[in-house]
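# Residue-level structural notes
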Amino acid sequence: MTLPDSDDTIVAISTPPGHGGIGVIRISGKQAFTIANTIIDTTVNIIDIKSHTIHHGYVRGAQSGSITDEVLVAVLRAPSSSTGEDVIEISAHGNPQILKRIVGSAIDSGARQAAAGEFTMRAFLSGRFDLVQAESVADLIAAEGAAFQQVALYQLSGKLSGYIGSIRAQLLDIGALFEAYTDFPDEEIPQQQQAELLAKLDDVTASLSRLASSYRRGEIIRAGVQIPIVGPPNAGKSSLFNAILAEERAIVTEIPGTTRDTIAEKIEIEGIAVRFVDTAGLREAANQIEAAGVERSRREIDAANLVIAVFDVTDRPVEMIQSALFDLLGKYFIVVLNKIDLVSASDVACLDYELGDCQPILLSAKTLVGVDKLVARVASVIRESMPISSVDANTLTNRRHFVAVQNAVRSLTEARAKLEQGDNFELMAFDLRQATNNLEEILGKITTDDLLAEIFSRFCIGK
Ligand SMILES: Nc1nc2c(ncn2[C@@H]2O[C@H](COP(=O)(O)OP(=O)(O)OP(=O)(O)O)[C@@H](O)[C@H]2O)c(=O)[nH]1
Ligand SMILES: [Mg+2]
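Keep in mind that what you see is a predicted model, and the values were worked out from it rather than measured. (Residues numbered from 1 in each chain as written. Chains lettered and ligands numbered in written order. Predicted model: local features only at pLDDT ≥ 70, side-chain atom pairs only at ≥ 80, totals over all residues.)

A separate point is the overall build of the protein. Helices and strands together make up the secondary structure of the protein, namely 16 helices and 13 strands. Expected size for 463 residues packed as a compact globule is a radius of gyration near 23 Å; at 29 Å, the protein overshoots this value by more than 25%. If one aligns the C-alpha atoms of the protein with their principal axes, the spans along those axes are about 80 × 80 × 40 Å. Expressed as a percentage of its 463 residues, the buried residues of the protein come to 39%. Excluding contacts between residues fewer than 6 apart, the proportion of contacts in the protein whose partners are at least 24 apart in sequence is 69%. (Helix = DSSP H or I, 4+ residues; strand = E, 2+ residues; numbered from the N terminus. Rg over C-alpha atoms; globule rule 2.2 N^0.38 Å. Buried ≥ 20, exposed ≤ 12 C-beta atoms within 10 Å, placed from the backbone. Contact = placed C-beta atoms within 7 Å.)

Before going further, it helps to spend a moment on the domain arrangement of the protein. A common measure of how large an interface is: the accessible area buried when the components associate. Taken as a whole, the protein is organised into domain 1 (10–129), domain 2 (134–214 + 395–444) and domain 3 (221–385). One C-alpha centre belongs to domain 1, the other to domain 3; they are set 51 Å apart. (Domains from an automatic or database assignment.)

Residues in contact with ligand 1 amount to 22 residues; listed here are only the nearest, Gly 236, Ser 238, Ser 239, Thr 259 and Lys 366. The element best represented in the shell around ligand 1 is helix α9 (residues 237–245), accounting for three residues. Tallied by class, residues from the shell around ligand 1 come to six nonpolar, 11 polar and five charged. (Near = placed C-beta within 6 Å. Nonpolar A, V, L, I, M, F, W, Y, C, P; charged D, E, K, R; others polar.)

Picture the strands of a sheet paired through backbone hydrogen bonds; they go either parallel or antiparallel. Judged by pairing direction, the sheet is mixed, and its six strands sit side by side in the order β9-β10-β8-β11-β12-β13 without closing on themselves. Whereas interior strands pair on both sides, the edge strands pair on one side only; in this sheet they are β9 (263–269) and β13 (361–362). Two strands pair when backbone bridges link them, and strand β11 (residues 307–312) and strand β12 (residues 333–338) are joined in this way by six bridges, in the parallel orientation. Paired with Val 307 across the two strands is Phe 333, which belongs to β12. (Pairing = 2+ DSSP bridges.)

This part is about helix α3 (residues 118–125). Burial runs high along α3: seven of the eight residues are buried. Every buried residue belonging to α3 is among Glu 118, Phe 119, Thr 120, Met 121, Arg 122, Ala 123 and Phe 124, and all of these are buried. Looking at the buried side of α3, the elements it contacts are β1 (10–13), β2 (20–28), α4 (131–142) and α16 (449–457). Just downstream of α3 lies Gly 127, where phi reads positive at about 85°.

In terms of residue burial, β11 counts as a mostly covered element, since five of its six residues are buried. Where strand β8 (residues 225–230) meets β11, two bridges bridge the pair, whose relative direction is parallel. When the bridges of β11 are listed, Ile 229 appears paired with Ile 308. For the segment spanning β11, helix α11 (residues 318–327) and β12, crossover handedness is right-handed. (Right-handed = clockwise from strand over helix to strand, strands pointing away.)

With four bridges connecting them, β1 and β2 associate as antiparallel partners. What sits directly across from Ile 13, in β2, is Ile 25. Connecting β1 to the next strand, β2, in antiparallel fashion are six residues, including Gly 18 with a positive phi near 105°. Sheet topology places β2 next to strand β6 (residues 87–94); eight bridges connect them, and they run antiparallel. When the sheet's bridge partners are listed, Ile 27 is paired in β6 with Ile 88.

With that out of the way, let us pick up unusual backbone geometry. Between Ala 78 and Pro 79 the backbone carries a cis peptide bond, its omega angle lying at 0°. Mapping Pro 79 onto the fold places it in the loop between β5 (67–76) and β6. One non-glycine residue, Glu 270, lies in the positive phi region at around 55°. Mapped onto the fold, Glu 270 is located in the loop between β9 and β10 (272–278). Owing to 18 C-beta atoms within 10 Å, Glu 270 belongs among the partly exposed residues under this scheme.

This part covers the packing of helix α6 (residues 159–182) against helix α15 (residues 425–443). Two quantities define a packed helix pair, namely the angle between the axes and the distance from one axis to the other. Two elements in contact, α6 and α15, have axes whose closest approach is 9 Å; the angle formed by their N-to-C orientations is 160°. Between α6 and α15, the angle falls in the class roughly antiparallel. Every pair of crossing elements has a handedness; the one defined by α6 and α15 is left-handed. In the contact of α6 with α15, the residues fall into 15 nonpolar, five polar and five charged. (Axes fitted to C-alpha atoms, helices over the stretch in contact; angles between N-to-C directions. Parallel < 35°, antiparallel > 145°, perpendicular 65-115°, else oblique. Left-handed = near helix turned anticlockwise from the far one by under 90°.)

Structure follows, in structure tokens:
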């Protein structure tokens, strides 16, 4: 895959599609100031003006010469701009047609429409960001939940890169010690030095293993906590889903088998995005459509971090619950007895007693009594059972980083084994080099055009 030409000056609308209070157009590259001077009438000469200043002006059509909009222009000079190049940001009125016309004028004056993620890619190519920081920009824009936003911000600020960089430096030190021995391949490595090297290797490997294990919480932080709502037909799964979201999202009827496909919505609990999924539940399917729905429910349960199992209290579902719990072995689950508005207080107390072991939440999705208790239980399960409470800067949330760290750990384990056996130093140096390369790939010190194209194509245009 070839990357777009980095000598071009690029332009794009950087605000979301649709109408808004303002819309921002960004121009970046060597010609940015000349193009701005051509298309914007201002009292200043943009080419000479101080960096990080804002000016009032009118954009004119490059060909028609007529006024397109009244705007504010921010002038950001290289290298202290978002891309590291000369950047112009035009804040215009947020009308998509006006914004497109301004982009058109910039293109008529020599700019090129930016590709997806091209502004951030330039920040990377100009050395303003490393690859971890560049990737965190997309995360910060998309992140759901305060925890993920916080991690993305840490990554953008360079904290994770700094940590990985410090481990890389340690590896380079150890590598230099190894290289010294490769010059005298026939000599035995003195015992004290060997012990020292082993200790250093163990130290680095432990840091990297800790980093790799942070991905377990990072993955939950990124994707959100997955909570499918399952249970027998008509138990009130869709009603409960709607009650939790406080909106009529899923269809509710008295006909058993109403829900066929899965419907998911996210809300934030404890700073984490929590994805609730209304399902068809697990039941005997009467036809192909139902069977597909049941299969989807099964997949949601497999991927779940926590399962809400809902039962109709009027079914006196003690046995049903016991067999359902057998299906959920090894999963976090919450049992819900729904429709308590239909039974007497003494019936409720009785069932609560019979099911004491599984601490059911008794509620009514209809009157909403008890729904808050369920949400509080979900919050406490997340807090107590999921490894996401300690969100720190050294949390991996990106699968690419995780795989590279794992590979580095593998290479270091190899190197250690060889060192212990007194194997060939050159082979050990090779393993060490591999581990260093893995870390350099994370930071983008080693990259390929394909990797960059793949990473930045996931961004939106204008970012
Ligand atoms: N009285 C009462 N009725 C309820 C309650 N929750 C749900 N219902 C009724 O139970 C019936 C089934 O509700 P749904 O929410 O569609 O149940 P479901 O589990 O999603 O059903 P399927 O999608 O068909 O499996 C509807 O008629 C609801 O109005 C409740 O707390 N109290
Ligand atoms: Mg339903």
